[in-house]
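This is what each chain is made of:
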Amino acid sequence: MVFLSFVYRFLTNFAFMALVYFSLNFMEKYQHRAILAILVLVYSGMRAASTLRAFYFFQKIERLEAETKRLQAPINDGSGGTGARKQIVMDVARLRRDGELKSYMDLFFLALIVLLCVANIMRQ
């Protein structure tokens, strides 16, 4: 399922980039192309801000993971339930890492989309 989530994220970002590319290239008038490019730039800016905010969230989760590991060390004296706690911390760490990778993928495609829009605004 993890691999499929990466494939899904890649395909949706690629489809959005292809949609922007074909939409901008099939516009005949410069004014329409520029308006569409500016609207896509605004949308991309909002998505980039949301993605960067997610990185702040992932940083907070990473701090919580470190604090949980620090607090869990004295508890690991053989009492019950530590295996389940370790598994939960490992799952959260994996989900955080996967979320960061998906956010990097989003930012990469958003950067490509911004380049497409700027290039289409500059060309006449």
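Residues numbered from 1 in each chain as written. Predicted model: local features only at pLDDT ≥ 70, side-chain atom pairs only at ≥ 80, totals over all residues. Heavy atoms only, no water.

**Quick word on the pattern of salt bridges**
To be explicit about the condition: By salt bridge we mean one thing: a side-chain nitrogen of Lys or Arg within 4 Å of a carboxyl oxygen of Asp or Glu. Here a helix means four or more residues in a row that DSSP labels H or I, a strand means two or more in a row labelled E, and each is numbered from the N terminus. The buried label goes to any residue with under 20% of its type's maximum accessible area, the exposed label to any with over 50%, and the partly exposed label to all in between, with areas taken from a 1.4 Å probe on protein chains only.
Counting across every chain of the model gives five salt bridges. Between Asp106 and Arg9 there is a salt bridge; the shortest N-O distance is 2.6 Å. Residue Asp106 is located in helix H3 (residues 82–122), and its partner Arg9 is located in helix H1 (residues 2–25); the two are separated by 97 residues in the primary sequence. Looking at Arg9, the relative accessible area reads 26%, which means it is partly exposed. Between Arg47 and Asp106 there is a salt bridge whose closest N-O contact spans 3.8 Å. On the criterion of sequence distance, the pair formed by Arg47 in helix H2 (residues 30–72) and Asp106 in helix H3 is long-range, its members being 59 residues apart. Asp106 sits in the buried class, given a relative accessible area of 7%. Residues joined in a network through salt bridges with shared partners are Arg9, Arg47 and Asp106.

**So, the packing of H1 against H2**
Counted only if it meets this: Helix axes are fitted only over the stretch in contact, all axes being lines through C-alpha atoms; the angle between N-to-C directions runs from 0 to 180 degrees. The cut-offs work like this: below 35 degrees is roughly parallel, past 145 is roughly antiparallel, 65 to 115 is roughly perpendicular, and the gaps in between are oblique. For any helix crossing, the convention is left-handed if the near helix is rotated counterclockwise from the far helix by under a right angle, and right-handed if that rotation is clockwise. In what follows, residue pairs with any heavy atoms lying within 4.5 Å of each other are defined as contacts. Under the grouping applied here, Gly and all other residues not named as nonpolar or charged are polar, the nonpolar ones being Ala, Val, Leu, Ile, Met, Phe, Trp, Tyr, Cys and Pro and the charged ones Asp, Glu, Lys and Arg.
It is the contact of H1 with H2, at a shortest axis distance of 10 Å, that shows an interaxial angle of 160°. Regarding the angle of H1 to H2, the classification is roughly antiparallel. The interaxial crossing formed by H1 with H2 has left-handed handedness. Of the residues in H2, those touching H1 at Asn13, Phe16, Val20, Ser23 and Leu24 are Arg33, Leu36, Ala37, Val40, Tyr43, Ser44 and Arg47. Classifying every residue of the contact of H1 with H2 by side-chain character gives seven nonpolar, three polar and two charged.

**Thoughts on the packing of aromatic side chains**
Defined as follows: Between 30 and 60 degrees the pair is tilted, below 30 it is stacked and above 60 it is edge-to-face, where a pair is any two Phe, Tyr or Trp rings, Trp via its six-membered ring, whose centres lie within 6.5 Å. Remark: a charge is flagged as sitting over a ring if the NZ atom of Lys or the CZ atom of Arg is within 6 Å of the ring centre and within 35 degrees of the ring normal.
Considering all chains together, one arrives at nine aromatic pairs under this definition. Here the aromatic rings of Phe22 and Phe26 are separated by 6.1 Å at their centres, their planes lie at 15°, and the arrangement is stacked. When the ring of Phe57 is compared with that of Phe58, the centres are 6.2 Å apart and the planes differ by 50°; the resulting orientation is tilted. Grouped by ring-pair contacts, the aromatic residues Phe10, Phe14, Phe108 and Phe109 constitute a single cluster. For the cation-ring pair, Lys102 lies above Phe6, with the distance from its terminal atom to the ring centre recorded as 5.7 Å.

**Structural notes on a nonpolar patch on the surface**
Keep this limit in mind: Patch membership needs two things, relative accessible area over 30% and no salt bridge, and members are linked within 9 Å if like-charged or within 5 Å if nonpolar (Val, Leu, Ile, Met, Phe, Trp, Tyr). The Shrake-Rupley method, run with a 1.4 Å probe, gives the accessible areas here. Residue values count only the displayed protein chains as cover.
Residues Met1, Phe3, Leu4, Val7, Phe10, Leu11 and Phe14 make up a contiguous nonpolar surface patch of roughly 790 Å² in combined accessible area. Structurally, Met1 is set in the segment before H1. Met1 sits in the exposed class, given a relative accessible area of 83%.

**Quick look at the side chain of Glu100**
With respect to the secondary-structure elements, Glu100 resides in helix H3. Classification of Glu100 by relative accessible area gives buried; the value is 18%. Among all residues touching Glu100, those that are not within four sequence positions of it are Phe55 and Phe58.

**What to know about the UniProt feature "transmembrane region" (unreviewed entry) in the chain**
Applied cut-off: UniProt positions are given in the numbering used here, feature names are shortened, and annotations may be inferred rather than shown by experiment.
In the numbering used here, UniProt assigns the feature "transmembrane region" (unreviewed entry) to residues 6–24, 36–58 and 104–122. With 100% helix and 0% strand, residues 36–58 has its two end C-alpha atoms placed 33 Å apart. Helix makes up 100% of residues 104–122 and strand makes up 0%, while its end C-alpha atoms are separated by 27 Å.

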